[in-house]
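# Examination of the molecular architecture
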Amino acid sequence: MMRDFVYQVAPSRVIFGPGTLAQVDAEIERLGCKRAFLLSTSFQAADLAALANQLGPLAAGQFTDATMHTPLAVTARALAAYDACGADCIVALGGGSTIGLGKAIAYRNDAPQIVVATTYAGSEVTDILGQTEDGVKSTVRGPKIRPEVVIYDPTLTTGLPIAMSVASGLNAMAHAVEGLYAPDANPVTSLLAVEGIRALRDALPAITRDPADIDARGEALYGSWLCGVVLGSVAMSLHHKLCHTLGGSCDLPHAETHAILLPHSAAYNAAAAHDALAPAAALFGGDLAGGLHDLARSLGAPLALKDLGLARDDLDRVADMAVKNPYANPRPVTRDGILALLTRAYDGTRPAT
Ligand code: NAD
């Protein structure tokens, strides 16, 4: 039986394929802009310099200090540099950290954004901005935040280290798994979610065998795009709240935390969201949580929160925080249930459903 739903199509232009980095020039002009402000992390500064060279006079300035979780102090410096060079648009090259900085600038001055996405985090297609001040992370949403143009060029991802590729790919899958049981899920986001999970399930093993496999890199970017659209379209639940808490209060790395928790949050909701998760479970022989754990293990992903430096004593505090603000989740969120989930994730035990 088809249930009622609302589906709002998010306006963004996506350019996909090997070599599409060459189209940044044309996309700047298509937006009616002439002076792009280029962003990256320090790690990708050489790639950004090459892009500046490609753009010639279209490149007005560069900023290579993008930082995980978008600290306000970094945004203030980047905004000052944007104004100083007389820029009229943003080109962000990188993963969620760099994209977050571009969004933070656009949130304040409504600059048009072109994103060249080089991880699988999915931020490039959402209207969500997470920023931190004094170690506290808060989230805002709004139409100025979502980038106008996204370029997916798989050739730029062959240098993404295998460990980062795997963690980032599992991070993307987490958006899709939660999207399937979201209270505002609809038939279209569910199709995108299942296809996104399928693409990453197939691509990640091939990438670990050969990180330069351009077909696998393309398939992973395609899957991460679909999973990102799901993240930007429907509400996230328990898994994302727990990762947000662990990232914000225990300073755990973003993608790895998602990768470790995903099988356990899938197990927590497996019975309560059985029907919604069934198409994803079918991709893993009928057992989504166990299948995700086995996939992560086979890919060499981190499996245990203790390996990220979390102390066992932190689990109680995280469980307390996780039940503080209620939110929609298929299975009721109880402190005992969350503590059991966190304990399994801490030890890296195969999830039981
Ligand atoms: P990241 O952007 O921090 O990248 C990790 C490192 O890998 C960086 O040094 C980066 O320069 C490098 N890197 C990225 N792509 C590379 C490539 N192709 N080759 C070589 N090196 C590369 O990691 P991430 O997981 O993409 O982003 C995490 C951040 O994004 C977090 O702050 C998270 O909260 C945020 N995020 C936001 C949303 C949203 O919708 N707002 C969604 C997902 C993630």
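Structural notes, computed from the coordinates. Computed from a predicted model, the values in this text were never measured in an experiment. (Residues numbered from 1 in each chain as written. Predicted model: local features only at pLDDT ≥ 70, side-chain atom pairs only at ≥ 80, totals over all residues. Heavy atoms only, no water.)

### Focus: the packing of helix α9 (residues 254-269) against helix α11 (residues 288-298)
Running from N to C, α9 and α11 point in directions that differ by 170°, and their axes come no closer than 8 Å. Between α9 and α11, the angle is such that the two are roughly antiparallel. Listed contacts from α11 to L262, P263, A266 and A267 of α9 are L288, A289, L292 and H293. (Axes fitted to C-alpha atoms, helices over the stretch in contact; angles between N-to-C directions. Helix = DSSP H or I, 4+ residues; strand = E, 2+ residues; numbered from the N terminus. Parallel < 35°, antiparallel > 145°, perpendicular 65-115°, else oblique. Contact = heavy atoms within 4.5 Å.)

### Things to note about the site of the ligand
Around the ligand sit 23 residues in total, of which T41, S97, T118, T119 and T126 are the nearest. In the environment of the ligand, an oxygen atom lies 2.6 Å from a nitrogen or oxygen atom belonging to the side chain of T119. For the ligand, whose accessible area on its own is 860 Å², the fraction buried by protein is 88%. Taken together, the residues that form the shell around the ligand break down as 8 nonpolar, 13 polar and 2 charged. (Near = heavy atom within 4 Å. Polar contact = N/O pair within 3.5 Å; in protein donor to acceptor, adjacent residues only side chain to side chain. Areas by Shrake-Rupley, 256 points an atom, 1.4 Å probe, with all protein chains shown as cover. Nonpolar A, V, L, I, M, F, W, Y, C, P; charged D, E, K, R; others polar.)

### What to know about the pattern of salt bridges
Opposite charge on two side chains permits them to pair, given that their charged atoms come into close proximity. Under the definition given, this model contains 15 salt bridges. D347 is paired through a salt bridge with R312; the nearest N and O atoms lie 2.7 Å apart. Residue D347 is located in helix α13 (residues 335-347), and its partner R312 is located in the loop between α11 and α12 (314-322); the two are separated by 35 residues in the primary sequence. Since its relative accessible area comes to 30%, D347 is described here as partly exposed. A salt bridge links D316 to R335; its shortest N-O distance comes to 2.9 Å. Here D316, found in helix α12, pairs with R335, found in helix α13; they are 19 residues apart in sequence, far enough to count as distant. (Salt bridge = Lys/Arg side-chain N within 4 Å of Asp/Glu carboxyl O. Buried < 20%, exposed > 50% of the residue type's maximum accessible area, 1.4 Å probe, protein only.)

### Some points on the sheet that holds strand β5 (residues 113-117)
Strand pairs in the sheet, formed through backbone hydrogen bonds, run parallel or antiparallel to each other. One open sheet accounts for 6 strands, arranged β1-β8-β5-β4-β2-β3; its pairing is parallel. Each edge of the open sheet carries a strand with a single partner, namely β1 (13-16) and β3 (59-63). Adjacent strand axes in the sheet meet at a mean angle of 20° when their direction is disregarded. Bridge count for β5 against strand β8 (residues 149-152) is 3 bridges, and the pairing is parallel. Along β8, the bridge assignment pairs V115 with V150. The strands touched by helix α4 (residues 96-109) within the sheet are β2 (36-39), β3, β4 (89-94) and β5, with β4 carrying the most contacts at an inclination of about 165°. (Pairing = 2+ DSSP bridges.)

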